[in-house]
Amino acid sequence: MGSSGINAEYMVSSGINAEYMVSSGINAEYMGKTGGEPEKVVYLSTGGQPAHATFDAEGAILICSLSNQSLLAVGEQGGLTNICEEYEGVRFQGPTSCAIDGAGRRFFTDSGPMGQATLQSQTGSVFMINEDSVLQPLAHRCLAHPQGVALSPDGECVYVCETLQNRILRFFQRPRGVYHCSVFKQLSGLFGPTSIAVDSQGNLFVSRFEVAGAGPGCISVLSAQGKDIGECWTNPKASELSGICIDPVEDFVYVTECSTRTVYRVPFKKLVGES
């Protein structure tokens, strides 16, 4: 997960049992060992404006860089590699979220900063880099600020938050490598969904942003069939929810709020309605 404007996010490494934040400035920041007191120290300088980050199965980090308008990879020695920055000769607007499946395919949204891919100018995209490192669009310059992206447990479905349409999209494969898109869940109220995470059962955890001063944001949990699960989590001080992730053992859900630069930890069972 990462941060820029309304997209400040938090992530947990499943490989090395550590928690990280990507700041809204130029640094990624190490937040301390899981279960201990957070210790905020500089982990990595991107030299730009990171919007989101995620780990692959080996613990390598993939970063969406808004200011560089590119997708970056962090090498073993901490160096940054520009994976891609354009499609068919046209620069990205600015990648905003990314996810990696078990086969190593990398999915990311491209919408630039808030206000660039709008309802009036729906120029946001969803891309995939396949196993052969070929970049292909799943949706090209037709969305209103897509940002959160997550995969189903079997990797067959790709979920995307289309923030300014206040909805969740689902891309499914049939046949393999060919994706079809439909509206998975139309939401109402609040500003729109900003980030999404999927648990081992295929349930979707969605952070929903609201403008500070207009009321709190919330976390909604949806089943793989799109039905609401449990009650929405809210906090009166948490309006601009921007990023979400689930820890590897599904004990806690982490969500970021960018107006107060706060990270919240919510018990997983509380969100799914278990005691």
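Being a predicted model, the structure only gives us computed values, none of them experimental.

Visitor: Help me out: how do you make sense of the overall build of the protein chain in this one?
Guide: Along the backbone of the protein chain there are one helix and 25 strands. Residue pairs at least 24 apart in sequence account for 42% of intrachain contacts in the protein chain once pairs closer than 6 positions are excluded. For the protein chain, the exposed surface amounts to about 11,700 Å²; the carbon and sulfur share of it is 48%.

Visitor: Please explain the environment of Cys232 as it appears in this structure.
Guide: With respect to the secondary-structure elements, Cys232 resides in strand 22 (residues 228-233). For Cys232, a relative accessible area of 43% gives the class partly exposed. Once the C-alpha coordinates of Cys232 and Val206 are considered, the two residues, 26 residues apart in sequence, prove to be 9.8 Å apart. Apart from the residues lying within four places of it in its own chain, the contact partners of Cys232 are Cys218, Ile219 and Ser220.

Visitor: When you look at the sheet that holds strand 14 (residues 135-143) in this model, what are you seeing that I'm missing?
Guide: Strand pairing in a sheet relies on backbone hydrogen bonds, with the paired strands running either antiparallel or parallel. What the four strands build is an open sheet, ordered 11-12-13-14; its pairing is antiparallel. Looking at strand neighbours, the two that pair on one side only are strand 11 (95-100) and strand 14, the edges of this open sheet. For this sheet, the mean inter-axis angle between neighbouring strands, taken without regard to orientation, is 15°. Examined bridge by bridge, strand 13 (residues 124-129) and strand 14 share five bridges and lie antiparallel to one another. Within strand 14, the residue paired with Phe127 across the bridge is Pro137.

Visitor: I keep staring at the side chain of Ser195 and nothing clicks. Help me out?
Guide: As for its position among the elements, Ser195 is in strand 19 (residues 192-198). In this structure the side chain of Ser195 is engaged in a polar contact, spanning 3.5 Å, whose partner is the backbone nitrogen of Ile244.

Visitor: Looking at this structure, how should I read the side chain of Asn235?
Guide: Summarising the element assignment, Asn235 is placed in the loop between strand 22 and strand 23 (241-246). Among the polar contacts made by the side chain of Asn235, one reaches the main-chain amide nitrogen of Lys237 at a distance of 2.8 Å.

Visitor: What is the right way to read unusual backbone geometry from this model?
Guide: Apart from glycine, the bulk of residues carry a negative phi angle, and the bulk of peptide bonds sit in the trans form. The residue after Arg174, namely Pro175, is reached through a cis peptide bond having omega -5°. On the secondary structure map, Pro175 appears in the loop between strand 17 (167-173) and strand 18 (179-186). Even without glycine at this site, Gln69 takes up a positive phi of about 50°. Its location among the elements puts Gln69 in the loop between strand 6 (61-65) and strand 7 (70-74). The phi dihedral of Ser133 falls on the positive side, at around 65°, and the residue is not glycine. Relative to the helices and strands, Ser133 is located in the loop between strand 13 and strand 14.

About the cut-offs
- Residues numbered from 1 in each chain as written.
- Predicted model: local features only at pLDDT ≥ 70, side-chain atom pairs only at ≥ 80, totals over all residues.
- Heavy atoms only, no water.
- Helix = DSSP H or I, 4+ residues; strand = E, 2+ residues; numbered from the N terminus.
- Contact = heavy atoms within 4.5 Å.
- Areas by Shrake-Rupley, 256 points an atom, 1.4 Å probe, with all protein chains shown as cover.
- Buried < 20%, exposed > 50% of the residue type's maximum accessible area, 1.4 Å probe, protein only.
- Pairing = 2+ DSSP bridges.
- Axes fitted to C-alpha atoms, helices over the stretch in contact; angles between N-to-C directions.
- Polar contact = N/O pair within 3.5 Å; in protein donor to acceptor, adjacent residues only side chain to side chain.

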